[in-house]
Amino acid sequence: MSQHRAGGDGDDPFRRPNGVDAPFAAPNRPAPAPAARAVPPSVPTPETEQAFGRPDAGTGAFDRPPGPADAGRGESPWWVPGADRDPWRDPASAPYLGAPVVFEDPPPPPADDIPAAGPGVRRRWRPRRPSVGGAALVVIIALLLAGVGGATGFVLADHYGTSSLLDPGAKLATVGPSIQRRPGSVADIARRVLPSVVSIQVRTADEEGTGSGVVIDAKGYILTNNHVVSLAATSAGTIRVIYNDQSSSSARIVGRDPKTDLAVIKVDKPGLVVARLGDSSKIVVGDPVIAIGSPLGLAGTVTSGIVSALDRPVRLSGEGSDTNAVIDAIQTDAAINPGNSGGALVDATGATVGINSAIASLGSQGQSGSIGVGFAIPINAARRIALQLIHSGHVVHATLGLNARSVTDLGRRGGDGAQVEVVDRGGAAQKAGIREGDVITAIDGKPVSSSEELIVLVGSHRVGDTVTLTIDRGGSPKTVRATLQRD
């Protein structure tokens, strides 16, 4: 809100002039003076006259330069009419008051407002904002170029890329039958033996396990390890047998022997393929052998190797099993893994010479798979145990009636052997005069280097056999004879 100070005419600087009644806007605007008002010239100083004064007549200082007027120099304001009256050129010219400014709209710029460049002058490019139609045209052209480029790339790729990789008319060279599976080859043996080896699954309320077995009689008797089926016997579990043709049936335990880690189960299935049982006393170190079973639950697995050693005493104690056995094992480098237990170890003729039972492991390093050291129960010993189990359901073992420990386990120096720790009252050892502390070093002339070897050598005899024992008593050798009793 504006405020005006009240007062007389003489005090108001914004009042209307005297004698003016109309507004200042046109057409009542005061007209400009028709002519310039002369101002008396002042006399310039000699210095000003010398610097800005008009030159002497005839010097031609304001004349045009020689040559044509259109020689690229254009029209100069120095030679327009009235230039001699310009006060900026002649200090002695008379000043005048010009007409007032007329407010008019500026003329539109020319189509190209970039002035023509003269000699030695560089143009300055100024971008112009494109119109909507121009932008649309640019987009359409870009799309067309992209489409043409894509089509060209597709044609080139199809011609030089895919066509060079694909050939609908290509044919592969073929040859006649070249694979020969001669009798006695691993493939031939596996084909004949696989139907006689089965996979065994044991389940209880809390646990389950997998093993293997060998069909030893057409009536349904299957030989396996005790540690494979002991869980079913001690925990009221079930046993199921899976055959090579993937059919299956339930099985029952006929008998088992924790001292040799062998057991026999029976199934009711006609048409079983029975394994050929060989003679384990005929094999030698270096003979080729094949292990067949269900390692890690993989039924029908075949691995091959050789006999690495014979008569290797190995103590077995299956985890979660009541097995506590020492076997006179066949050592092989054929891969044997958990689940192979109870499977067949066959020779080059396809005859079963052992029952796969155990593997060596590097317990301190957590190694639980095959490291090329596997063990099998010789089939001659397994056949004798199997027959007793089928006949009576239990096994009778020959025994000396004592407990012993390996001398090396006791830290004693000076030799190997089995030191007697406990002598059973009334047993064969007591009757033969063996005392606690005696070291048994041989049986029937065969060296005894550990308690495991003592068990193996005694177990190879029958009840009632008489054996000769060489003992070390207080550093003095002594020979005694003992008649083996039943356990």
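Scroll up for the structure.
Treat the numbers as computed from the prediction; the structure is a model and nothing was measured. Numbers given for residues are sequential positions, taken from 1 along each chain in its written order. Residue-level local features of this predicted model are given only where pLDDT is at least 70; pairs of side-chain atoms are given and counted only at 80 or more, and the full residue set underlies all totals for whole chains, interfaces and linings. Neither water nor hydrogens contribute to the side-chain values; these are computed over all heavy atoms in the structure.

Q: Outline the overall build of the protein, supporting the account with residue identities and numerical values.
A: Looking only at helices and strands, one finds eight helices and 20 strands in the protein. Put simply, the protein has 487 residues, and 30% of those count as buried. Two residues qualify as a contact provided that any one of their heavy atoms is within 4.5 Å of a heavy atom in the partner residue. Sequence-distant contacts, at least 24 apart, represent 57% of the contacts inside the protein between residues at least 6 apart. Segments assigned H or I by DSSP are reported as helices when at least four residues long, segments assigned E as strands when at least two residues long, and all are numbered from the N terminus. Type-normalised accessible area, obtained with a 1.4 Å probe on protein chains alone, sets the label of each residue: buried when under 20%, exposed when over 50%, and partly exposed for intermediate values.

Q: Please give an account of the nonpolar core that cites residues and values.
A: In plain words, nonpolar cores are sets of buried Ala, Val, Leu, Ile, Met, Phe, Trp, Tyr and Cys residues tied together by side-chain atoms within 4.5 Å. With 31 residues, the main nonpolar core has Leu223, Ile355 and Ala382 as its most contacted residues. Once residues within four sequence positions are removed from consideration, Ala382 is found in contact with Leu223, Leu262, Ile355 and Ile377. Ala398, Val458, Val467 and Val480 belong to the second-largest nonpolar core, a separate cluster that totals 21 residues.

Q: Quick one: what's the story with the sheet that holds strand E6 (residues 262–267), residue by residue and with numbers?
A: Only strands that DSSP links by at least two bridges are regarded as paired with each other. Within the closed barrel, the six strands sit side by side as E1-E2-E3-E6-E5-E4. Their pairing is antiparallel. Between one strand axis and the next, the sheet turns through 40° on average, direction left out of account. Strand direction decides the pairing type here: strand E1 (residues 197–203) and strand E2 (residues 208–215), joined by seven bridges, are antiparallel. Considered in E2, the bridge of Ile200 is made with Gly211. Across the face of the sheet, helix H5 (residues 379–392) comes into contact with strand E3 (221–224), strand E5 (248–257) and E6 while running at roughly 50° to E6. For helices, the fitted axis covers only the stretch in contact; all axes are lines through C-alpha atoms, and the angles between them, taken along N-to-C directions, range from 0 to 180 degrees.

Q: So what about the pairing of strand E15 (residues 418–423)? Which residues, and what values?
A: One ladder, built from five bridges, connects strand E14 (residues 402–406) with E15; its direction is antiparallel. By the bridge assignment, Ser406 is partnered in E15 with Ala418. Pairing of E15 with strand E16 (residues 439–443), which is carried by two bridges, proceeds in the antiparallel orientation. What sits directly across from Gln419, in E16, is Val439.

Q: Quick one: what's the story with the packing of aromatic side chains, residue by residue and with numbers?
A: What counts as a ring pair is set by centres within 6.5 Å for rings of Phe, Tyr and Trp (its six-membered ring), and what kind of pair is set by the plane angle: stacked under 30 degrees, edge-to-face over 60, tilted for all other angles. Per the counting criterion, the structure on display carries zero aromatic pairs. Charge-over-ring contacts are defined here by two conditions on Lys NZ or Arg CZ: a distance within 6 Å of the ring centre and an angle within 35 degrees of the ring normal. Sitting over the face of the ring of Tyr221, Lys266 holds its NZ or CZ atom 5.6 Å from the ring centroid.

Q: Which residues make up the environment of Gly339, and what values go with them?
A: Residue position: Gly339 is located in the loop between strand E9 (325–332) and strand E10 (344–346). Classification of Gly339 as buried rests on a relative accessible area of 8%. Residues Gly339 and Leu298 lie 41 residues apart in sequence; the distance between their C-alpha atoms is 8.1 Å.

Q: Got a sec to walk through a nonpolar patch on the surface? Specific residues and values, please.
A: Together, Leu137, Ile141 and Leu145 make up a nonpolar patch on the protein surface, roughly 300 Å² of accessible area in all. Residue placement: Leu137 occurs in helix H2 (residues 132–165). Candidate patch residues must exceed 30% relative accessible area and have no salt bridge, after which like charges are joined if within 9 Å and Val, Leu, Ile, Met, Phe, Trp or Tyr side chains if within 5 Å. Only the protein chains shown count as covering a residue, and every accessible area follows the Shrake-Rupley method with a 1.4 Å probe. A pair is scored as a salt bridge if a Lys or Arg side-chain nitrogen falls within 4 Å of a carboxyl oxygen belonging to Asp or Glu.

Q: Which residues make up the sheet that holds E9, and what are the values?
A: The strand order around the closed barrel built from six strands is E7-E8-E9-E12-E11-E10, with neighbouring strands paired in antiparallel fashion. Across the sheet, the mean angle from the axis of one strand to that of its neighbour is 50°, orientation sign disregarded. Here seven bridges tie strand E8 (residues 301–316) to E9, and the two strands are oriented antiparallel to one another. Bridging from a neighbouring strand, Val314 pairs with Ile327 of E9. Packed onto the sheet, helix H3 (residues 186–193) meets strand E7 (288–293), E8 and E10 and runs at close to 40° relative to E7. In the packing of H5 onto the sheet, contacts are made with strand E11 (352–359) and strand E12 (374–378), and the angle to E12 comes to roughly 50°.

Q: Outline the side chain of Asn225, listing residues and values.
A: Assignment of secondary structure puts Asn225 in the loop between E3 and helix H4 (226–234). There is a polar contact of 2.9 Å between the side chain of Asn225 and the backbone oxygen of Asp261. Pairing of N or O atoms within 3.5 Å defines a polar contact, subject to two protein rules: one partner must be a possible hydrogen donor and the other a possible acceptor, and residues neighboring in sequence count only if both atoms are side-chain atoms. Here the side chain of Asn225 touches Gly342 through a polar contact of 2.8 Å, landing on its backbone nitrogen. Those residues in contact with Asn225, other than ones at most four positions away along the chain, are Asp261, Leu262, Ala263, Ser341, Gly342, Ile355, Asn356, Ser357 and Ile377.

Q: Describe H5, naming the residues involved and giving the relevant values.
A: A helix is expected to reach a length of 1.5 Å times the quantity of its residues less one. For H5, which comprises 14 residues, the first-to-last C-alpha distance of 20 Å matches the rise-based estimate of 20 Å (1.5 Å per residue) to within 8%. Turning to H5, its buried residues are Ile379, Ala382, Ile385, Ala386 and Leu389. Buried residues of H5 fall within an arc of 125° about the axis and therefore sit on the same side. For H5, the secondary structure elements touched by its buried residues are E3, E5, E6, E11 and E12. Arc definition: it is the arc formed by the directions from the helix axis to the C-beta atoms.

Q: So what's going on with the environment of Pro183? Residues and values would help.
A: Here Pro183 lies in the loop between H2 and H3. Between the alpha carbons of Pro183 and Thr349 there is a distance of 8.9 Å; along the sequence they are 166 residues apart.

Q: Outline the side chain of Asp257, listing residues and values.
A: Structurally, the position occupied by Asp257 is in strand E5. Counting rule for charge: Lys and Arg are taken as positive, Asp and Glu as negative, and neither His nor the chain ends is counted. For the buried Asp257, no salt bridge is present, and the opposite-charge side chain at shortest range is Lys259, 6.8 Å distant. Dropping the residues within four chain positions of it, Asp257 is found in contact with Asn226, Leu262, Ile385, Val395 and His397.

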